[in-house]
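Residues per chain, in single letters:
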Amino acid sequence: AHVAALRGHDVTLFEARDILGGQFNYAKVIPGKEEFFETIRYYINELEHLGVEIKLNTQVDKAMLSDGKFQHVVVATGVVPKSLEGKLEGADLPQVISYAELLSGEKSVGDTVAVIGAGGVGFDVSEYLTARHGQPLDELGPETLKDPSYRPEPQSVEEWREEWGVTSDMNYQTDGGLIKPEGITPIRQVYLMQRSKGRLGAGLNKTTGWVHRAHIKSHGVIQVSGVQYDKITNEGIWVTNDQGQSQLLRVDSVVVCAGQESVAELMPNVGDAPDAQYHLIGGAKLAAELDAKRAIRDGAEVAVQI
Ligand SMILES: Cc1cc2nc3c(=O)[nH]c(=O)nc-3n(C[C@H](O)[C@H](O)[C@H](O)COP(=O)(O)OP(=O)(O)OC[C@H]3O[C@@H](n4cnc5c(N)ncnc54)[C@H](O)[C@@H]3O)c2cc1C
């Protein structure tokens with residue numbers, strides 16, 4: 001919408017939710033990703049300034065696009081979290097929630113939590129659940145998180161130094177001014193689990209993956225790999241570990257981070273003869289790892305071609 005409007009097109013932006021930003025609204029509450037509050041603010045300002053017609057609370061269906069009003073339709077409907085309902089016994093219990101329900105503040109979790117899936121979102125959720133600075137975001141609720149003027153309290157420099165063992169000693173009495181950080185008492189007990197064997201987070205970004213791995217280690221997240229999920233009950237989650245032993249992890253809540261599925265229903269089917277030219281971009285085109293840059297580039301490239 002931004003690039004198309006910059007190039008002088010008349011643009012209408014439809015959004016099913018009552019806020020713009022899509023999944024950035026989930027990413028922005030993750031400790032260290034607060035910058036995404038600014039990304040959303042920047043785009044909203046730009047779109048308003050460029051006169052893009054913004055229609056919130058508008059779930060678009062095919063009929064709405066077939067009246068010949070639009071010459072081009074860019075389908076950027078993103079992804080939905082994969083659900084385990086129908087695939088894992090107990091996945092429909094109320095204590096089993098998606099990362100989207102958690103990070104939007106719609107639902108909260110108890111003191112012990114199992115996170116299913118240790119990809120980028122599983123790591124982010126584990127960090128979110130164990131970060132101790134500021135007011136716990138899940139207590140704020142969805143309305144506060146939607147308020148464009150709301151900013152989470154950033155971690156103070158002192159807390160950051162304490163967490164990472166960086167001293168303020170400018171005489172460098174210790175090597176590089178570093179010390180071994182004090183043990184952190186996590187605010188929750190979190191189990192982060194993956195089905196594949198081997199180290200958790202091996203596929204995270206090369207330059208920043210170590211930060212995420214270090215965070216979950218220092219915050220006492222119990223890492224479980226090579227696990228098979230058997231069922232969820234009111235006691236917790238039953239798993240079979242990589243030794244073939246059945247085990248109950250007693251948890252209050254389960255957060256499902258088991259991947260995402262593209263939403264591209266608005267694209268024409270074979271045989272349809274739409275008036276407009278259709279373009280598919282971002283997560284709607286490919287639900288892969290966390291990559292907003294690709295989605296934004298897709299949008300910019302389509303906008304310069306039309
Ligand atoms: C926890 C988390 C952390 C992340 N961290 C990072 C990160 O650090 N770096 C990074 O690069 N990426 C990150 N991402 C991924 C990034 O947010 C996505 O790649 C990006 O948002 C994809 O953009 P999109 O426009 O394709 O789709 P989305 O952001 O999914 O937006 C799609 C929008 O379309 C709306 N919609 C769907 N159907 C309709 C309809 N029929 N009518 C109207 N509106 C509709 C949806 O409500 C939604 O607002 C993260 C994602 C998550 C969940």
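Residues numbered from 1 in each chain as written. Predicted model: local features only at pLDDT ≥ 70, side-chain atom pairs only at ≥ 80, totals over all residues. Heavy atoms only, no water.

**Quick notes on the domain arrangement of the chain**
- Per the domain assignment, the segments making up the chain are domain 1 (2-80 + 261-305) and domain 2 (83-258).
- Computed from C-alpha coordinates alone, the two centres of domain 1 and domain 2 are separated by 29 Å.
- On the side of domain 2, 19 residues touch domain 1, which itself brings 16 residues to the contact.
- For the pair domain 1 and domain 2, the two sides together bury roughly 1600 Å², of which 64% comes from carbon and sulfur.
- Here domain 1 and domain 2 share three salt bridges between them.
- For the side of domain 1 that touches domain 2, the elements supplying multiple residues, two or more each, are α2 (24-27) and α3 (35-49).
- No other element matches α3, which puts three residues into the side of domain 1 that touches domain 2.
- Within the side of domain 1 that touches domain 2, the residues separate by chemical class into seven nonpolar, one polar and eight charged. (Domains from an automatic or database assignment. Contact = heavy atoms within 4.5 Å. Buried area = accessible area lost by both parts, 1.4 Å probe. Salt bridge = Lys/Arg side-chain N within 4 Å of Asp/Glu carboxyl O. Helix = DSSP H or I, 4+ residues; strand = E, 2+ residues; numbered from the N terminus. Nonpolar A, V, L, I, M, F, W, Y, C, P; charged D, E, K, R; others polar.)

**Concerning the sheet that holds strand β9 (residues 228-232)**
- Taken in spatial order, the three strands of this open sheet run β9-β10-β11, and their pairing is antiparallel. A strand with exactly one partner marks an edge of an open sheet, and here the two such strands are β9 and β11 (246-249). Along the sheet, successive strands turn relative to each other by an average axial angle of 30 degrees, direction set aside.
- Direction of pairing for β9 relative to strand β10 (residues 237-240): antiparallel, over a ladder of four bridges. What sits directly across from Q228, in β10, is T240. (Pairing = 2+ DSSP bridges. Axes fitted to C-alpha atoms, helices over the stretch in contact; angles between N-to-C directions.)

**Observations concerning the site of the ligand**
- Taken together, 27 residues lie near the ligand, and E15, Q23, K33, G283 and A292 sit nearest.
- Between K33 and the ligand, the recorded distance is 2.7 Å, taken from a side-chain N or O atom to an oxygen atom.
- At a separation of 2.7 Å, an oxygen atom of the ligand approaches a polar backbone atom of G283.
- Its free accessible area being 1000 Å², the ligand has 84% of it covered by the protein chains.
- Put simply, the parts of the chain that give the shell around the ligand at least two residues each are α2, α4 (99-103) and α9 (292-305).
- Looking at the shell around the ligand, its residues break down into 14 nonpolar, eight polar and five charged.
- Inspection of the shell around the ligand shows a minimum of three residues originating in each of domain 1 (2-80 + 261-305) and domain 2 (83-258). (Near = heavy atom within 4 Å. Polar contact = N/O pair within 3.5 Å; in protein donor to acceptor, adjacent residues only side chain to side chain. Areas by Shrake-Rupley, 256 points an atom, 1.4 Å probe, with all protein chains shown as cover.)

**Looking at the side chain of H219**
- Its location among the elements puts H219 in the loop between α8 (209-218) and β8 (222-224).
- Dropping the residues within four chain positions of it, H219 is found in contact with T130, A131, E163, I184 and P186.

**Side note on the sheet that holds strand β7 (residues 189-193)**
- Ordered in space as β5-β12-β6-β7-β8, the five strands form an open sheet in which the pairing is parallel. The sheet terminates laterally at β5 (96-98) and β8, the two strands that pair on one side only. Between one strand axis and the next, the sheet turns by 20 degrees as a mean value, whatever way the strands run.
- Relative to strand β12 (residues 253-256), strand β6 (residues 112-116) runs parallel, the two sharing four bridges. Along β12, the bridge assignment pairs V113 with S253.
- Seen against the sheet, helix α5 (residues 120-130) touches β6, β7 and β12 and runs at an angle of roughly 175 degrees to β7.

**Details of the pairing of β7**
- Taking burial as the measure, the five residues of β7 include four buried ones, the bulk of the element.
- Here β6 runs beside β7; their pairing, made up of five bridges, is parallel. Note that in β7 the partner of V115 across the bridge is L192.
- The sheet contact formed by β7 and β8 spans three bridges and is parallel. For Y191, the partnering residue across the bridge sits in β8 and is I222. (Buried < 20%, exposed > 50% of the residue type's maximum accessible area, 1.4 Å probe, protein only.)

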